[in-house]
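# Coordinate analysis (summary)
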Amino acid sequence: LKNAATGVLSLEAYAPGMPLEELQRRLGIADAIKLASNENPLGPSPAVKAAIADSVAGGNLALYPDGGGFRLKKAIGAFRGIAPERVTLGNGSNDIIELLGRVFLGPGRAALFSQHAFAVYPIITQAQGARAVVVPARAADDAQPLGHDMPAFAAALKANPDVSLVFIANPNNPTGTWLSPAEIEAFIRQVPAHVVVALDLAYDEYMEPALRSPSREWLEQYPNLVLFHTFSKAYGLAGLRVGYSLSSPELADLLNRVRQPFNNNSLALLAAEAALGDPAHVARSVELNNRERGRLTATLRGMGLTVLPSQANFIAVGFGRDAAPINQALMQRGVIVRPVASYQMPQFLRFSIGTEAENDRLVAALKEILAS
Ligand code: PMP
């Protein structure tokens with residue numbers, strides 16, 4: 001079988017966290033909490049649950065979903081103030097990343113991204129038989145420690161003419177660091193028209209309004225730009241797998257040529273539409289997150305820990321030593337977080353922001369561990 005596989009043998013599969021119930025069972029801690037996957041602690045809008053219940057009761061699950069995502073694309077277009085032809089739907093934004101890879105990467109081509117960037121970029125790059133050009137991150141004492149270094153991106157692009165796709169995550173996972181719209185645009189202006197810039201906005205909703213990307217204006221100006229969003233984070237729909245990209249209609253057409261028919265199931269399509277219709281729920285989720293992110297950051301810094309500045313729904317916390325034993329000790333206390341050693345950050349753990357009670361429990365467990 002190994003001889004039959006093409007080019008994938010040096011890949012490591014993305015290791016997602018286990019479902020909470022399974023972790024609780026394995027740990028033997030019934031009330032273990034999970035602050036590991038950047039999910040929304042408030043869950044989805046009540047409107048989503050009602051829409052799904054109505055559909056299950058009255059709809060016909062034997063029928064294929066709307067394969068073109070007509071209604072959801074129209075709703076996203078109206079929400080963003082852009083034409084539905086510019087919207088491409090994905091089974092989560094991971095699917096969008098894969099579509100981009102399948103269209104723009106292959107042998108003889110390269111993808112460019114930052115050192116501590118989201119794990120799916122290198123996986124898709126390698127799976128497509130393309131080369132990865134990894135740009136060293138900013139220094140640990142920079143204002144955006146370990147974040148994207150855009151002048152270095154521009155230099156790497158010039159030095160590597162085989163680059164066909166650039167990934168920028170704003171804010172970035174797992175660092176939480178961010179770029180201003182001016183920094184992003186200054187880079188895009190230097191990118192030749194045949195290179196696609198993919199701007200991953202999975203955590204965009206959590207950013208200060210002045211830092212959010214002006215999608216509509218940029219799309220008018222830069223036909224090689226694709227921005228993508230997810231319903232997994234601020235909308236609380238991670239379990240349903242819906243993401244989408246915004247681009248020129250020409251780029252959307254290319255993505256659609258390789259998109260699986262029916263890549264979103266019927267319940268996910270209508271749940272996402274219902275979620276878009278409840279902006280107050282998103283506002284509540286963002287408000288809770290940003291308040292708790294500030295509180296948790298201040299508390300942990302007060303304990304002498306390094307907390308990278310974050311505009312997302314998680315923080316990267318540095319312990320100044322191997323963080324694996326601290327991760328284990330947290331787990332034994334029923335607090336599941338995300339180690340980021342695979343992101344070349346072995347001294348850090350990533351904490352998703354939870355409810356007030358969950359964050360308090362994390363702090364109490366950490367205090368106990370650090371005192372022992
Ligand atoms: N981009 C980034 C930066 C992420 O952190 C994630 C989720 N971990 C994704 C994309 C993918 O999310 P989803 O497939 O659930 O939309």
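If you're wondering where the values come from, they're calculated on a predicted model, not measured in any experiment.

The immediate surroundings of the ligand are formed by 13 residues, with Gly92, Ser93, Asn173, Thr230 and Ser232 found nearest. Residues of the shell around the ligand, tallied by class, amount to four nonpolar, eight polar and one charged.

Okay, the sheet that holds strand 10 (residues 314-318) next. Each strand in a sheet pairs with its neighbour through backbone hydrogen bonds, running either in the same direction (parallel) or in the opposite one (antiparallel). As summarised here, the arrangement of the four strands in space is 9-10-13-12, forming an open sheet in which the pairing is antiparallel. Edge positions in the sheet fall to strand 9 (306-307) and strand 12 (338-339), since each has one partner strand and no second. When strand 12 meets strand 13 (residues 348-352), the two strands line up antiparallel, connected through two bridges. Paired with Arg338 across the two strands is Arg350, which belongs to strand 13.

This paragraph deals with the domain arrangement of the protein chain. Domains assigned within the protein chain are domain 1 (20-35 + 280-371) and domain 2 (61-277). The C-alpha centroid of domain 2 is placed 26 Å from the C-alpha centroid of domain 1. Listed as interface residues are 20 residues of domain 1 and, on the opposing side, 23 residues of domain 2. Grouping the constituent residues of the side of domain 1 that touches domain 2 by class yields 11 nonpolar, eight polar and one charged.

Quick look at the pairing of strand 10 now. Strand 10 sits mainly inside the fold: four of its five residues count as buried. The pairing of strand 9 with strand 10 spans two bridges and is antiparallel. Note that in strand 10 the partner of Val307 across the bridge is Val317. If you look at the hairpin formed by strand 9 and strand 10, you'll find six residues sitting between the two strands. Strand direction decides the pairing type here: strand 10 and strand 13, joined by five bridges, are antiparallel. Along strand 13, the bridge assignment pairs Val317 with Leu349.

UniProt tags Lys233 as "modified residue: N6-(pyridoxal phosphate)lysine" (unreviewed entry). Among the structural elements, Lys233 can be located in the loop between strand 7 (225-230) and strand 8 (243-246). What makes Lys233 buried here is the crowd of 29 C-beta atoms within 10 Å. Discounting chain neighbours no more than four positions away, the residues touching Lys233 are Asn38, Asn40, Ala202, Tyr203, Glu205 and Asn313.

Definitions and limits used
Residues numbered from 1 in each chain as written. Predicted model: local features only at pLDDT ≥ 70, side-chain atom pairs only at ≥ 80, totals over all residues. Near = placed C-beta within 6 Å. Nonpolar A, V, L, I, M, F, W, Y, C, P; charged D, E, K, R; others polar. Pairing = 2+ DSSP bridges. Helix = DSSP H or I, 4+ residues; strand = E, 2+ residues; numbered from the N terminus. Domains from an automatic or database assignment. Contact = placed C-beta atoms within 7 Å. Buried ≥ 20, exposed ≤ 12 C-beta atoms within 10 Å, placed from the backbone. UniProt positions renumbered as here; feature names shortened; annotations may be inferred.

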